[in-house]
Amino acid sequence: MIDEIPLSKPDITDAEINEVTRVLRSDRLSIGPVLESFERAVADRVGTTHGVGVSSGTAGLHLALLGLGVGPGDEVITTPFSFIASTNCILYVGAKPIFVDIDPKSLNMDPSFVEAAITPKTKAILAVEAFGDPTHMEAYRSIAARHEIPLIEDSCEGLGGEGSGRNIGAFGRVGVFGFYPNKQITTGEGGMIVTDDDRLADLCRSMRNHGRPVNSNSDRSKHDPPPGGCGAAWLSHERLGYNYRMHELSAAMGVAQMSRLDEILHKRRKVAEHYTRRLMGEHRLTLPNVNDTERMSWFVYVVRLTSEFSSEERDRIMSGMRRHDIGVADYFPCIHLQPHIREAFGHDRGDFPIAESVSNRTIALPFHTNLGEREIDLVSQTLELMLAREGLRGT
Ligand SMILES: *Cc1c(COP(=O)(O)O)cnc(C)c1O
């Protein structure tokens, strides 16, 4: 079934189609000049020295942890309220995720819980800007600095946002963006590591490409295969590597999307503002947090039912919305309660009550760059109808 109003939708114009076509007509489909342009565009926007394009946000997080030497026996402090990849990458390197509960307003980790969770085994703090909100990033940054451990920023939901005078992605020793089709900008599949750390950037460049050598002081393309054959360094492997490369077709989409980023962010902000205006008077909902001092990047529009609603009622409301061909989602089920994590680390319901309470009552509404006011009105009206129905059931 195709949702009449989908949960999300990419914003692809002739600009993206033309860039991709140009690559298709060239002979260079991987590790070429377009990837370098895309890396430059993202790094310049974020304000970091390096951008390293990879095949997904998850691949980028994996390399960031490997590059910082996180491994077995290490602990990484992170949030239970996120998309699963922010914890899975900790498991990939054999480290232990130490979850801390969230602040119910921003939905990001409560800084005091982060501080309290630090032990001699803590190797990093892995923070996420939930739904694009940079609240507390500066606090994590100073906690990490005080304890001399790196802050890893999973910025996959926050491209273009800023807070405390810094861009999302530039708070940590390393930041990672994701470009799956539901993100602010997309490359189909893709991700980008951003950092000021030369050594870390080189390590990530090498590891994304089978551990091949990278000479950061000269033209990188010397080490890449010429279009028809094998460069001298092509079969030399200095370390364990992966194939986490981003191809030129994805990078071409990325270049076009980056050139439109301000327009995209502006439109998304307008969509969010219209939802807020439309739903402001609905006392059964908590609307997304908008902190005046932070410029959030709108990834999704997630409303929360007030605490008198149960998760079953939330699920019924979502089913009702879907029956009206409106795409909705329960962003996010708690990570510590996902089967593989729950079993491995002995977590249970009640471990992180704030995250669980929030997670039981969220509804992500349809949200994308080109969502129209009529559609927003229809979604809002349907949501109000479903809320009223639940109200009647209870009486
Ligand atoms: C989207 C996302 C990712 C990365 O997703 P990929 O599908 O691997 O690109 C990682 N962390 C968070 C919090 C995300 O929202």
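Our subject is the structure that appears above.
Peer 1: Got a sec to walk through the sheet that holds strand S10 (residues 285-286)? Specific residues and values, please.
Peer 2: Taken together, the three strands give an open sheet; going across it, the order is S10-S12-S13, and neighbouring strands pair in antiparallel fashion. Only two strands of the sheet have a single partner each, and these edge strands are S10 and strand S13 (362-365). Judged from the two bridges that link them, S10 and strand S12 (residues 301-305) form a sheet pairing that is antiparallel. When the sheet's bridge partners are listed, Thr286 is paired in S12 with Arg304. Relative to S12, helix H9 (residues 261-279) is tilted by about 25°, and along the sheet it contacts S10, S12 and S13.

Peer 1: Explain empty space enclosed by the protein to me, using residue names and the numbers behind them.
Peer 2: Tallying each qualifying case throughout the model produces five cavities of 30 Å³ or more. A volume near 60 Å³ is recorded for the second largest cavity. If you go around the second largest cavity, you meet 14 residues; those closest to its centre are Lys9, Pro10, Pro181, Lys183 and Arg268. Class assignment of the residues belonging to the lining of the second largest cavity gives a composition of three nonpolar, seven polar and four charged. Each of domain 1 (14-259) and domain 2 (261-389) accounts for three or more of the residues forming the lining of the second largest cavity.

Peer 1: Could you give an account of the site of the ligand, with specific residues and numbers?
Peer 2: If you check the shell around the ligand, you find 13 residues, and the closest are Gly57, Thr58, Asp154, Glu157 and Lys183. Note that an oxygen atom of the ligand is positioned 2.4 Å from one of the side-chain N or O atoms of Thr58. Residue Asp154 places a side-chain N or O atom 2.7 Å away from a nitrogen atom belonging to the ligand. Relative to its unbound accessible area of 390 Å², the ligand is 91% covered by the protein chains. In this structure the site holding the ligand corresponds to the largest pocket. Top element by residues in the shell around the ligand is helix H3 (residues 57-67). It accounts for three residues. Each residue belonging to the shell around the ligand can be placed in one class, and the counts come to five nonpolar, five polar and three charged.

Peer 1: Explain the nonpolar core residue by residue, including any values.
Peer 2: Membership of the largest hydrophobic core comes to 28 residues, with the highest contact counts inside it found for Leu65, Val70, Leu126 and Ile193. Within the residue set of this core, elements represented by two or more residues are strand S1 (50-54), H3, helix H4 (85-92), strand S4 (122-128), strand S8 (174-178) and helix H7 (198-208). Core analysis: the next-biggest nonpolar cluster, separate from the first, contains 27 residues, Tyr301, Val303, Met318 and Leu371 among them.

Peer 1: Break down the layout of surface pockets for me, with residues and values.
Peer 2: As a volume, the largest pocket reaches approximately 430 Å³. If you go around the largest pocket, you meet 26 residues; those closest to its centre are Thr58, Phe83, Ala85, Tyr180 and Lys183. Those elements giving two or more residues to the lining of the largest pocket turn out to be H3 and H4. Top contributing element to the lining of the largest pocket by residue count: H3, with three residues. In terms of residue class, the lining of the largest pocket is built from 13 nonpolar, nine polar and four charged. Per-domain counts for the lining of the largest pocket show at least three residues from each of domain 1 (14-259) and domain 2 (261-389).

Peer 1: Residues and numbers for the packing of aromatic side chains, please.
Peer 2: In this structure the tally under the stated criterion is eleven aromatic pairs. A centroid spacing of 5.3 Å and a plane angle of 55° characterise the contact between Phe38 and Phe179, whose relative ring orientation is tilted. Taken as a pair, Phe38 in helix H2 (residues 33-46) and Phe179 in the loop between S8 and strand S9 (191-195) lie far apart in primary sequence, 141 residues in all. On the basis of relative accessibility, which here comes to 0%, the residue Phe38 falls in the buried class. Consider the rings of Tyr275 and Tyr301, whose centres lie 4.7 Å apart with planes at 20°: the pair is stacked. One end of the pair, Tyr275, is in helix H9; the other, Tyr301, is in strand S12, with 26 residues separating them in the sequence. Summarising the burial analysis for this pair, Tyr275 and Tyr301 share the class buried. What links up through ring pairs into an aromatic cluster is the set Phe81, Phe83, Phe131, Tyr331 and Phe332.

Rules of the game
- Residues numbered from 1 in each chain as written.
- Predicted model: local features only at pLDDT ≥ 70, side-chain atom pairs only at ≥ 80, totals over all residues.
- Heavy atoms only, no water.
- Pairing = 2+ DSSP bridges.
- Helix = DSSP H or I, 4+ residues; strand = E, 2+ residues; numbered from the N terminus.
- Contact = heavy atoms within 4.5 Å.
- Axes fitted to C-alpha atoms, helices over the stretch in contact; angles between N-to-C directions.
- 1 Å grid on protein atoms, 1.4 Å probe; cavity = no way out; pocket = protein on both sides within 12 Å on 5 of 7 lines; lining within 4 Å.
- Points joined across faces, edges and corners; volume = space filled by probe spheres on them.
- Nonpolar A, V, L, I, M, F, W, Y, C, P; charged D, E, K, R; others polar.
- Domains from an automatic or database assignment.
- Near = heavy atom within 4 Å.
- Polar contact = N/O pair within 3.5 Å; in protein donor to acceptor, adjacent residues only side chain to side chain.
- Areas by Shrake-Rupley, 256 points an atom, 1.4 Å probe, with all protein chains shown as cover.
- Sits in = over half its atoms within 2 Å of the grid points.
- Core = buried A, V, L, I, M, F, W, Y, C linked by side-chain atoms within 4.5 Å.
- Buried < 20%, exposed > 50% of the residue type's maximum accessible area, 1.4 Å probe, protein only.
- Phe/Tyr/Trp six-rings, centres within 6.5 Å; stacked < 30°, edge-to-face > 60°.

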